[in-house]
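Descriptive analysis of the structure
Below, each chain spelled out in residue letters.
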Amino acid sequence: AQRRHASKHRFFAVELSQALFDFVIQLLPTQEEMAVKEDVRKLLERLIRTIEPDSRLLSFGSTANGFSLRNSDMDLCCLIDSDERLSASDMVTMLGDLLERETKFNVKPLPHARIPIVKLSLDPSPGLPLGIACDIGFENRLALENTRLLMCYAMIDPTRVRTLVLFLKVWSKRSRSINSPYQGTLSSYGYVLLVIYFLIHVKNPPVLPNLQQMPPLRPISQEDTHIGGHNTWFFDDIELLRQRWQSSNTDSVADLLIDFFRYYSRDFTYNTGVASIRGGLLKKESKGWQNELSGSRYNDSRERNRFCIEDPFEIDFNVARCVTKEGLYQIRGEFMRASRILAMRPRAVAALAQLCEE
Ligand code: GTP
Ligand code: MG
């Protein structure tokens, strides 16, 4: 009976893995979409250089880390290489005026936001049926580095890592509405960190190595590796890594997805734990993020630290700080629902359809 059970599971896993690949492939951006986005970036860079000749406009977030879905937003960051530069909020105001005058974009400058940005969008048109949305920020070097870190993780095991991440993004965003920090749930960035944490620190043997804890190839200086007091070093020679390191974990994508949902619905210690891709499972207590009841009736830290995911570089920053009590309840409920559906082993295509029911 046990053997029959195991072989039934294997059959389900093979079928589900194939269904996941097929599902994810049709969600990838087309060559054409990527080309249009690159043209937009170049155009904007040319315009910004009329204000700041020494500036560069770089893309980060999903358009740059390999986890992009069709029609996803474009995140851009402007770096200015001169010493006398305008403040981010002045740049936002000036660039907003310029783009308003010179382009067809809908422009919304937010100079006084915590991170000042210009929001741009183009309405759908025959050549661009879905329009385009884009945020431009300034000097956000940490975001460029964390994008590069995620990209390196994606490159180590492109098939398994990208399939898992892309599936979870669609599942959380379009189907189940639990990808919205403004409404108390988790950002895409947060979900990606959960996947990587799981692949490095939960799976045994691990699917991914910990790039931030590997020995460097040559001595590195403090100056080269720190941005704004944060250590951003990680092992980034992926070609070399591939020659020297090979995961001995042979789980299929389907096995990993099933385990991912099981781990986050049953085993992760939400009340006391912090998921850290850099350091493994940490304690809220050790980071001063505990959410025990305190004397005051309104405890801000308790609200901000229901769910704790450490940023890989800004280690005093909780990426899940926007997740509210209700939001976490909803997210955990969705992990449990997914786990339940997969445990019943329906036909794979039906399972995906059911998981992604809106
Ligand atoms: P989609 O836009 O949903 O396709 O996903 P995305 O991969 O672009 O993720 P998201 O929009 O959530 O974040 C974009 C980038 O902004 C991330 O890759 C990070 O570099 C950065 N970012 C987003 N949220 C945070 C955060 O809370 N802390 C830090 N440090 N960076 C963040
Ligand atoms: Mg984005």
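Residues numbered from 1 in each chain as written. Chains lettered and ligands numbered in written order. Predicted model: local features only at pLDDT ≥ 70, side-chain atom pairs only at ≥ 80, totals over all residues.

The name an unreviewed UniProt entry assigns to the protein is polynucleotide adenylyltransferase, from the organism Rhizopogon vinicolor AM-OR11-026.

Near ligand 1 there are 19 residues, and of these Gly61, Ser62, Ala143, Ser188 and Tyr189 occur at the shortest range. Where the shell around ligand 1 is concerned, the elements lending two or more residues are α3 (62–65), α5 (141–156) and α7 (188–202). The dominant element in the shell around ligand 1, judged by the number of residues it contributes, is α5, at four residues. Residues of the shell around ligand 1, tallied by class, amount to seven nonpolar, eight polar and four charged. Looking at which domains feed residues into the shell around ligand 1, each of domain 1 (31–140) and domain 2 (157–208 + 247–355) gives three or more. (Near = placed C-beta within 6 Å. Helix = DSSP H or I, 4+ residues; strand = E, 2+ residues; numbered from the N terminus. Nonpolar A, V, L, I, M, F, W, Y, C, P; charged D, E, K, R; others polar. Domains from an automatic or database assignment.)

Let us now look at the domain arrangement of the protein. The domain boundaries assigned to the protein delineate domain 1 (31–140) and domain 2 (157–208 + 247–355). Taking only C-alpha atoms into account, the centre of domain 1 sits 30 Å from that of domain 2. In this complex, domain 1 contributes four residues to the contact, which on the side of domain 2 involves seven residues. In terms of residue class, the side of domain 1 that touches domain 2 is built from two nonpolar, two polar and no charged. (Contact = placed C-beta atoms within 7 Å.)

So, on to helix α6 (residues 158–175). Taking 1.5 Å per residue, 18 residues should reach 26 Å; α6 reaches 24 Å between its end C-alpha atoms and fits that length. Among the residues of α6, those classed as buried are Arg160, Val161, Arg162, Thr163, Leu164, Val165, Leu166, Phe167, Leu168, Lys169, Trp171 and Ser172. Of the surrounding secondary structure, the elements contacted by the buried residues of α6 are α1 (2–25), α5, α7, α10 (253–267) and α14 (348–355). (Expected span 1.5 Å × (residues − 1). Buried ≥ 20, exposed ≤ 12 C-beta atoms within 10 Å, placed from the backbone.)

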